[in-house]
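# Coordinates in review
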Amino acid sequence: MPLPIRLVLLRPRNAENLGAAARAMKNCGLSEWTWVHPEAEDLAPARRLAVHADDVLEAAGRADSLDAAVADCVWVVGTSSRKVEGKRRLSPRAVAEEMVQRAAQGPVALVFGDERSGLTNAEVERCHDLSAVPTAPEQPSINLAQAVLLYAYELRMATLASEPPPPAPLPVAATDTELAQVESALEDALVTGGFLVDKHAGRTGLRDLFAPLRRSRLTRKEARLWLAALHTLAKKLR
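Conventions we followed
Residues numbered from 1 in each chain as written. Predicted model: local features only at pLDDT ≥ 70, side-chain atom pairs only at ≥ 80, totals over all residues. Heavy atoms only, no water. Salt bridge = Lys/Arg side-chain N within 4 Å of Asp/Glu carboxyl O. Helix = DSSP H or I, 4+ residues; strand = E, 2+ residues; numbered from the N terminus. Buried < 20%, exposed > 50% of the residue type's maximum accessible area, 1.4 Å probe, protein only. Axes fitted to C-alpha atoms, helices over the stretch in contact; angles between N-to-C directions. Parallel < 35°, antiparallel > 145°, perpendicular 65-115°, else oblique. Contact = heavy atoms within 4.5 Å. Nonpolar A, V, L, I, M, F, W, Y, C, P; charged D, E, K, R; others polar. 1 Å grid on protein atoms, 1.4 Å probe; cavity = no way out; pocket = protein on both sides within 12 Å on 5 of 7 lines; lining within 4 Å. Points joined across faces, edges and corners; volume = space filled by probe spheres on them.

Counted according to the given criterion, the structure contains 16 salt bridges. Between R47 and E58 there is a salt bridge whose closest N-O contact spans 3.1 Å. You can see R47 sitting in helix α2 (residues 44-49) and its partner E58 sitting in helix α3 (residues 54-58), a full 11 residues away along the chain. For E58, a relative accessible area of 49% corresponds to the partly exposed category.

Next comes the structure, spelled out in structure tokens:
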């Protein structure tokens, strides 16, 4: 089940950015996002860039304000390079790791401002913490779709790291017929070697000797190895 992680885009102006962002989200297993007062009216350019992600594009929620978009969220992080007293400034990786943890308590949101001016002062104050990409000073700004991809990737990596590894596949177990073949080969080797004097009289002893092998639930590979070894031993004893 997907984690309740929501991306919130405030006043997105460029339809191409919406399409590229939708594709990035689907690349990284995200599907929940909300647009607040989108200025892009014609979504045809967005559909051209949302390759195999039309469903994410069409499922975008709409809200009249940031407050409405994050009303049910337990943690809200704004993407801004500003330094605000009382708010942490986290790297994208740190945000992603904490979001995956906090999502167990309820919905969390990552907020992106518009392409020109970013978040307003009031929107920054509304967020619990802030995050920024440590870009080079020669080119500090990042395109909106690029920012979505970068954070989506970190969220994907954090989600994968939090999941338990899949259980190792169980080996193929030996069938009852294969176990019977091993038991018969063991009997032949024991009789040939002189441990069992008579097949009929030694049934109890054979059953007791074979019982640990049966309890161990031999794999098919192990049963075949036992069978080969016992056949070779019987030949040598003859």
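A few words now on the packing of helix α1 (residues 15-27) against helix α7 (residues 144-162). At their nearest, the axes of α1 and α7 sit 8 Å apart, and the two run at 10° to each other. Overall, the two elements α1 and α7 adopt an arrangement that is roughly parallel. Contacts between α1 and α7 pair N17, A20, A21, A24 and M25 from the former with L144, A145, V148, L149 and A152 from the latter. Looking at the contact of α1 with α7 residue by residue, the classes come out as nine nonpolar, one polar and no charged.

What follows deals with the environment of T232. Relative to the assigned elements, T232 resides in helix α10 (residues 220-237). Among the residues examined, T232 registers a relative accessible area of 45% and is labelled partly exposed. Residues T232 and N14, spaced 218 residues apart in sequence, show a C-alpha to C-alpha distance of 76 Å.

When its volume is computed, the largest pocket comes out at roughly 630 Å³. Lining the largest pocket are 24 residues; nearest its centre among them are T79, S80, P140, S141 and I142. Here the lining of the largest pocket gets three residues from one element, more than from any other, and that element is α7. For the lining of the largest pocket, the class distribution of residues is 10 nonpolar, 10 polar and four charged.

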